[in-house]
Amino acid sequence: MTVKADFHVHTIYSPDAAISFDQLVAACRDKKIDIVSIMDHDEIKGAIEFNKRAEEMRSKGEWAPRIIIGEEVRTAGGEICGMFLKKWVPDHKPPRDTMEMIKEQGGLVYVPHPFDLLKLKRLKAGELVELADLIDIIEVFNGKPRTPGANERAARFLEEHPIAAAGAGSDCHEPSHLGAAHVEIDDFNGPDDLVEKLRSGRIHGEKYSPFATLLPRLIGRRELKKEFKDQT
Ligand SMILES: [Zn+2]
């Protein structure tokens, strides 16, 4: 059986995103995404909570996407994501330390948007090669690259330096772009198997403008906050 996975999704727990649990479930169902990796900025609480709620739904026989607990960690050398995390990874550490903290807890190291030149702090090609022993997946398709050719540069780098598996994620901060970039792979069981299955994975992607998400994010956050207040 093949599954579709979006490895880069932000929730309301990211300071700049607006996706609630219900919206996540609805968007995944709509776009036929089976698995999401939640990559909130320097935060893991949302991923843990959403995963728990998804498990509860499945235990009642309802459909919910499978959730990989991840985090997009700001390091001293740019952003690095961890997947299959058990605990929070602190930010602003050197990249190698961050990657080691991810690996120590059995997680996978996923490098998001590595060649987006507008991200001034990012791991450069030479650093990626130096850190190759710790990198599992490189994002070769990000849904909202800020510079033209960023995804193509990432894919070319990985072809020339096959140091990791190729991954993709929408980097959505509001529900409408969920799934815009994803991988289609044979179903997997756990982190090692995922890396293995990604070897024969297929990347699907549709780019959207980073500006397209600004207003929906703002409005979305305001609405969700109101809703949250009404419930409490
Ligand atoms: Zn992101």
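Only a predicted model underlies this, so the values are computations on that prediction, with no experimental measurement involved.

Student: Requested: an account of the overall build of the protein chain, with residues and values cited.
Tutor: Scanning the protein chain from terminus to terminus reveals seven helices and ten strands. A globule of 232 residues ought to have a C-alpha radius of gyration of about 17 Å, and the protein chain, at 17 Å, matches this closely. Seen along its three principal axes, the alpha-carbon backbone of the protein chain occupies a region of about 50 × 35 × 30 Å. Sorting the 232 residues of the protein chain into buried and exposed places 53% on the buried side. Here the protein chain has roughly 11000 Å² of accessible surface; of this, 54% comes from carbon and sulfur atoms. Placing the 34 positive and 40 negative side-chain charges of the protein chain at their respective mean positions leaves the two points 4 Å apart.

Student: Kindly report on the pairing of strand β4 (residues 71-75), identifying the contributing residues and their values.
Tutor: Consecutive residues of a regular strand have side chains that alternate between opposite faces of the sheet. The element β4 is largely enclosed, with a buried count of four among its five residues. Relative to strand β5 (residues 78-83), β4 runs antiparallel, the two being bridged by five bridges. Bridge assignment links V73 to a residue of β5, and that residue is I80. From the end of β4 to the start of β5, which pair antiparallel, there are two residues.

Student: Could you give an account of the environment of F84, with specific residues and numbers?
Tutor: Locating F84 in the fold gives a position in the loop between β5 and α3 (95-104). For F84, a relative accessible area of 18% translates into the label buried. Separated by 24 residues in the primary sequence, F84 and K60 place their C-alpha atoms 24 Å from one another. If we ignore the near neighbours within four places in the chain, the residues touching F84 are I68, I69, Q105, G106, G107, L108, F188, G190, P191 and L194.

Student: Outline the packing of aromatic side chains, supporting the account with residue identities and numerical values.
Tutor: This model, assessed by the stated rule, comprises four aromatic pairs. On the numbers, 6.0 Å between centres and 75° between planes, the contact of F7 with Y110 is edge-to-face. Note that F7 is positioned in strand β1 (residues 2-9) and Y110 in strand β6 (residues 108-111), a separation of 103 residues in sequence. As far as the burial class goes, F7 and Y110 line up, both buried. With a centroid separation of 5.5 Å and 75° between ring planes, the pair formed by F21 and F50 is classed as edge-to-face. Here F21 is found in helix α1 (residues 21-31), whereas its partner F50 is found in helix α2 (residues 45-59), with 29 residues between them in sequence. F50 matches F21 in its accessibility class, with the two residues each being buried. The rings of Y13, F21 and F50 are connected pair by pair, giving a single aromatic cluster. A cation over an aromatic ring shows up here: R66 above the ring of F188, its NZ or CZ 5.5 Å from the ring centre.

Basis of the calculations
- Residues numbered from 1 in each chain as written.
- Predicted model: local features only at pLDDT ≥ 70, side-chain atom pairs only at ≥ 80, totals over all residues.
- Heavy atoms only, no water.
- Helix = DSSP H or I, 4+ residues; strand = E, 2+ residues; numbered from the N terminus.
- Rg over C-alpha atoms; globule rule 2.2 N^0.38 Å.
- Buried < 20%, exposed > 50% of the residue type's maximum accessible area, 1.4 Å probe, protein only.
- Areas by Shrake-Rupley, 256 points an atom, 1.4 Å probe, with all protein chains shown as cover.
- Lys, Arg positive; Asp, Glu negative; His and termini not counted.
- Charge placed at Lys NZ, Arg CZ, Asp CG, Glu CD.
- Pairing = 2+ DSSP bridges.
- Contact = heavy atoms within 4.5 Å.
- Phe/Tyr/Trp six-rings, centres within 6.5 Å; stacked < 30°, edge-to-face > 60°.
- Lys NZ or Arg CZ within 6 Å of the ring centre and 35° of its normal.

That is the geometry; function is a separate question.
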